[in-house]
Number of protein chains: 2
Amino acid sequence: MSVRLDPQNSQQYADLIDKYDTWLFDCDGVLWKGDTLVDGAKEVLDILRKRGKNVLFVTNNATKSRRNYKKKFDVLGIQADVDEVFGSAYASAVYVSTIMKLPQDKKVFVVGMGGLEEELREEGVSFIGGTDPAFNTLTPPSERIVTDPSVAVVLVGLDMSINYYKLSVAMRYLHSNPEVAFLASNADSTYPSDKGLLPGAGAVLAPLRTVLGDARPPTIIGKPNRHMLDAIKAKHNFDSKRTIMVGDRLNTDIEFGQSGGLATLLVLTGIASEDDLTGPNRSSTIPDFVTPSIGDLRSAVQA
Amino acid sequence: MSVRLDPQNSQQYADLIDKYDTWLFDCDGVLWKGDTLVDGAKEVLDILRKRGKNVLFVTNNATKSRRNYKKKFDVLGIQADVDEVFGSAYASAVYVSTIMKLPQDKKVFVVGMGGLEEELREEGVSFIGGTDPAFNTLTPPSERIVTDPSVAVVLVGLDMSINYYKLSVAMRYLHSNPEVAFLASNADSTYPSDKGLLPGAGAVLAPLRTVLGDARPPTIIGKPNRHMLDAIKAKHNFDSKRTIMVGDRLNTDIEFGQSGGLATLLVLTGIASEDDLTGPNRSSTIPDFVTPSIGDLRSAVQA
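This one's a predicted model, so the numbers in the text were calculated from it and none came from an experiment.

Draft legend 1. Structural context of the relation of the copies chain A and chain B. Mapping chain A onto chain B is achieved by rotating through 180 degrees and translating by 0.0 Å along the same axis, at an RMSD of 0.0 Å. On the angle and the small slide along the axis, the relation comes out as a two-fold axis. Here 100% of the interface residues in chain A have copies in chain B that are interface residues too; the copies meet face to matching face.

Structure representation (structure tokens):
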């Protein structure tokens, strides 16, 4: 059973803040919705910082580098350091460089956008594919695809230039060599944008999953998987027992926190609704705490 | 247990031919491989025709119309009438026009190629999308997608111009209206081409399946599904009990025959191998008859 925090009971929020030293936040649906700040989100982050808490931002968005993603914080007036932002693009690059320890003479074939490329570059990982115009065409393969033997990883993220040629090349790398690693930044099926709901990284990944079958599943880096937490821990020290994950999705944020042994707080300003907690088709994932909005934590200062 | 036909035993083949009046053939892997005829395939078809058998060609290929697909027969010197060729593109068009009975004022949104469009046009079905340049771009949606309220079906086939914009539009049609039918010509994960193995219709379909989830599965027309047989039966009369399906794939051709109550003959000139029948990971699909090659049926004339 989740503890339901009551916005009228400021002591509950004060106790929650006391209990955890490190606060991991999902962003969209928690701190903002599209281009609009959630009421009180900025003040709550200020309260946490004033009380000496570590604040980290953990997002599955792999279209943007941390540097680019931070611009969103700047526009909305939220204080954040690039080092506090963990996107699945960055986590994927850290996974390849630090956890897989890809040799310097090996390369990644990228199905993804500029943000993923930027993070790979910053981690010193060589790559081909991605935004290279040679792989962004609506013309299917006109001859047998010639592969680069130095490619040891196929890494897939959300790619708004996805096309048959790029998919065919990625397929050829994975098909022709069982040693080539199959990685994905994240597997979110949809991507909420200001143009409405669009296909997500999981949709871009789906053709390759279909082609390769269940015998060759991708390693998925982003939430809810442990690799994302491993990548964060490769860069930051914190005590899991005194860490809480705040999110709006049960099957990514809350599962991510739970699989990493963190406490979890669900907010109802994004994807998850009361119905997902108590309705007839309720989720089997049960967060430790539930509050209507992150803004509710403001009341802690009155306790 | 399958009956293993023995190429040394001509009587077995003569009996098989006597037993079935209608012969449904898969093409690639059975009659030809890529651009090369399987040895004896042409002679066997001639024998069947001389003995007054109905011969039909049943392929999941939805990139070509029947008219275009027949050109392949012509090039290889195989006698075939357009009316004897059933591709999944044609079967999809017949399904929409004759089985769904789509009203004249409704349209199909096509994710597919010219062959699918040609068959829809021949069946008098209106459509948008497909090869229209407006939907074939590497630029993602720049504003909210405006849908055409007359679209009542999204039909997906192999599309070598697949792109994020077209997928986003298809997603919007399906997402915004639970009444819009979700159809796919076939779900073959790969497409064997003379440029090597490429992603198939199932791979092109995968992003939409991912986005829509298990609650909204597509209706798949092609083999192994019954809809393909229903479409053939809408155009041809035959007695299922005296009909045999000949194919090289257990999970499409043989399952298709079995689900329709037809006899089945597996040839080993294509995808399925001896290992699929007797190896440690053998299939649970057991054809009625197995012969190394369709060419073996030539021996029937000696019996």
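Now that the structure is up, let's keep going.
Draft legend 2. Structural context of the nonpolar core. Residues Phe109, Val154 and Val156 of chain A together with Phe109, Val154 and Val156 of chain B are the most contacted members of the largest nonpolar core, which totals 60 residues. With residues up to four places along the chain from it excluded, the contact list for Phe109 of chain B reads Ile128, Gly129, Phe135, Val151, Val153, Val154, Leu155, Lys166, Val169, Ala170 and Tyr173 of chain B.

Draft legend 3. Structural view of the packing of aromatic side chains. The full count for this structure, using the stated rule, is 23 aromatic pairs over all chains. A ring pair is formed by Trp32 of chain B and Tyr69 of chain B, whose centres lie 6.1 Å apart and whose planes are at 50 degrees; its orientation type is tilted. Pair noted here: Trp32 of chain B is in strand E3 (residues 32–33) and Tyr69 of chain B is in helix H3 (residues 66–76), with a separation of 37 residues, a long-range link. With relative accessibility at 7%, the residue Tyr69 of chain B sits in the buried group. The structure contains a cluster of three or more aromatic residues connected by ring pairs, namely Tyr20, Trp23, Phe25, Trp32, Phe57, Tyr69, Phe73 and Phe289 of chain B. In this structure, Arg66 of chain A is placed above the aromatic ring of Tyr90 of chain A, and the distance from its NZ or CZ to the ring centre is 3.4 Å.

Draft legend 4. Summary view of the interface of chain A and chain B. With 36 residues of chain A at the interface, the matching set in chain B holds 36 residues. Contact between chain A and chain B buries roughly 2,900 Å² in total, counting both sides, with carbon and sulfur atoms accounting for 69%. Area buried by chain A at its contact with chain B is led by Leu138, Tyr164 and Lys195 of chain A, which between them contribute 26% of it. Put simply, chain A and chain B have zero salt bridges between them. Across the chain A-chain B interface, the total number found is six residue pairs in polar contact (both at pLDDT 80 or more). Elements supplying a minimum of two residues to the side of chain A that touches chain B: helix H6 (164–176), strand E11 (190–193), strand E12 (196–199) and helix H7 (201–212) of chain A.

Draft legend 5. Seen up close, the pairing of E12 of chain A. Residues and elements named next belong to chain A. With four bridges connecting them, E11 and E12 associate as antiparallel partners. Residue pairing for E12: Pro192 is matched across the bridge by Leu197. The loop that links E11 with its antiparallel partner E12 comprises two residues.

Draft legend 6. Focus on the sheet that holds strand E2 (residues 22–25) of chain B. All names here are of chain B. Overall, parallel pairing links the seven strands, which are arranged E1-E16-E15-E14-E2-E5-E6 in an open sheet. Each edge of the open sheet carries a strand with a single partner, namely strand E1 (3–4) and strand E6 (85–87). Inspection of the sheet shows strand E5 (residues 54–59) paired to E6 by three bridges, in the parallel sense. Directly across from Phe57, in E6, lies its bridge partner Val85.

Draft legend 7. Representation of the side chain of Ser299 of chain B within the structure. Residue and element names in this part refer to chain B. Relative to the assigned elements, Ser299 resides in the segment after strand E16 (289–291). Using a relative accessible area of 9% as the deciding quantity, one classes Ser299 as buried. A distance of 3.2 Å separates the side chain of Ser299 from the backbone oxygen of Asp296, its partner in a polar contact. Setting aside anything within four residues of it in sequence, one finds Ser299 in contact with Pro7, Ser10 and Tyr13.

Draft legend 8. Representation of the pairing of strand E5 (residues 54–59) of chain A. All names here are of chain A. For E5, the buried fraction is high: five of the six residues fall into the buried class. Bridge count for strand E2 (residues 22–25) against E5 is four bridges, and the pairing is parallel. The partner of Trp23 across the bridge, within E5, is Val55.

Draft legend 9. Structural view of the sheet that holds strand E10 (residues 181–184) of chain B. Residue and element names in this part refer to chain B. Ordered in space as E8-E7-E9-E10-E13, the five strands form an open sheet in which the pairing is parallel. Of all strands in the sheet, those bounded by a partner on one side alone are strand E8 (126–129) and strand E13 (219–220). Sheet analysis places E10 next to E13, joined by two bridges and oriented parallel. Residue pairing across strands places Leu183 opposite Thr219, the latter belonging to E13.

Draft legend 10. Broad picture of the packing of helix H4 (residues 88–99) of chain B against helix H5 (residues 114–122) of chain B. All names here are of chain B. Packing of H4 against H5 brings their axes to within 8 Å, and their N-to-C directions diverge by 35 degrees. Relative to H5, H4 is oriented so that their crossing is right-handed. Touching Ala89, Tyr90, Ser92 and Ala93 of H4 are Gly115, Leu116, Glu119 and Leu120, all from H5. Split by residue class, the contact of H4 with H5 holds five nonpolar, two polar and one charged.

Draft legend 11. Layout of unusual backbone geometry. Backbone torsion omega between Lys223 of chain A and Pro224 of chain A reads 10 degrees, so that peptide bond is classified as cis. Looking at the secondary structure, you find Pro224 of chain A in the loop between strand E13 (219–220) and helix H8 (226–233).

Draft legend 12. Main features of the domain arrangement of chain A. Residue and element names in this part refer to chain A. In terms of domain boundaries, chain A breaks down into domain 1 (3–60 + 224–302) and domain 2 (103–220). With centres defined by C-alpha atoms, the gap from domain 1 to domain 2 works out at 31 Å. Taken together, both faces of the contact between domain 1 and domain 2 bury some 610 Å²; the carbon and sulfur share is 35%. Applying the counting criterion to the domain 1 and domain 2 interface returns one salt bridge. With a closest N to O distance of 3.5 Å, Lys235 and Glu123 form a salt bridge. Split into classes, the residues belonging to the side of domain 1 that touches domain 2 amount to no nonpolar, four polar and four charged.

Draft legend 13. Summary view of the pattern of salt bridges. Residue and element names in this part refer to chain A. Using the criterion set out here, one finds 34 salt bridges over all chains in the structure. Its salt-bridge partner being Asp46, residue Lys42 comes within 4.0 Å of it at the nearest N-O pair. Pair noted here: Lys42 and Asp46 are both in helix H2 (residues 41–50), with a separation of four residues, about one helical turn. Two residues, Arg67 and Glu122, come together in a salt bridge whose shortest N-O distance is 2.9 Å. A residue pair is termed long-range when its members are at least 10 positions apart, and Arg67 in helix H3 (residues 66–76) and Glu122 in helix H5 (residues 114–122) qualify at 55 residues. Classification of Arg67 by relative accessible area gives partly exposed; the value is 45%. In this structure, a network of salt bridges that share partners links the residues Arg66, Arg67, Glu118, Glu119 and Glu122.

Each value, and the rule that gives it
- Residues numbered from 1 in each chain as written.
- Chains lettered and ligands numbered in written order.
- Predicted model: local features only at pLDDT ≥ 70, side-chain atom pairs only at ≥ 80, totals over all residues.
- Heavy atoms only, no water.
- Least-squares fit on C-alpha atoms with pLDDT ≥ 70 in both.
- Contact = heavy atoms within 4.5 Å.
- Core = buried A, V, L, I, M, F, W, Y, C linked by side-chain atoms within 4.5 Å.
- Buried < 20%, exposed > 50% of the residue type's maximum accessible area, 1.4 Å probe, protein only.
- Phe/Tyr/Trp six-rings, centres within 6.5 Å; stacked < 30°, edge-to-face > 60°.
- Helix = DSSP H or I, 4+ residues; strand = E, 2+ residues; numbered from the N terminus.
- Lys NZ or Arg CZ within 6 Å of the ring centre and 35° of its normal.
- Buried area = accessible area lost by both parts, 1.4 Å probe.
- Salt bridge = Lys/Arg side-chain N within 4 Å of Asp/Glu carboxyl O.
- Polar contact = N/O pair within 3.5 Å; in protein donor to acceptor, adjacent residues only side chain to side chain.
- Pairing = 2+ DSSP bridges.
- Axes fitted to C-alpha atoms, helices over the stretch in contact; angles between N-to-C directions.
- Left-handed = near helix turned anticlockwise from the far one by under 90°.
- Nonpolar A, V, L, I, M, F, W, Y, C, P; charged D, E, K, R; others polar.
- Domains from an automatic or database assignment.

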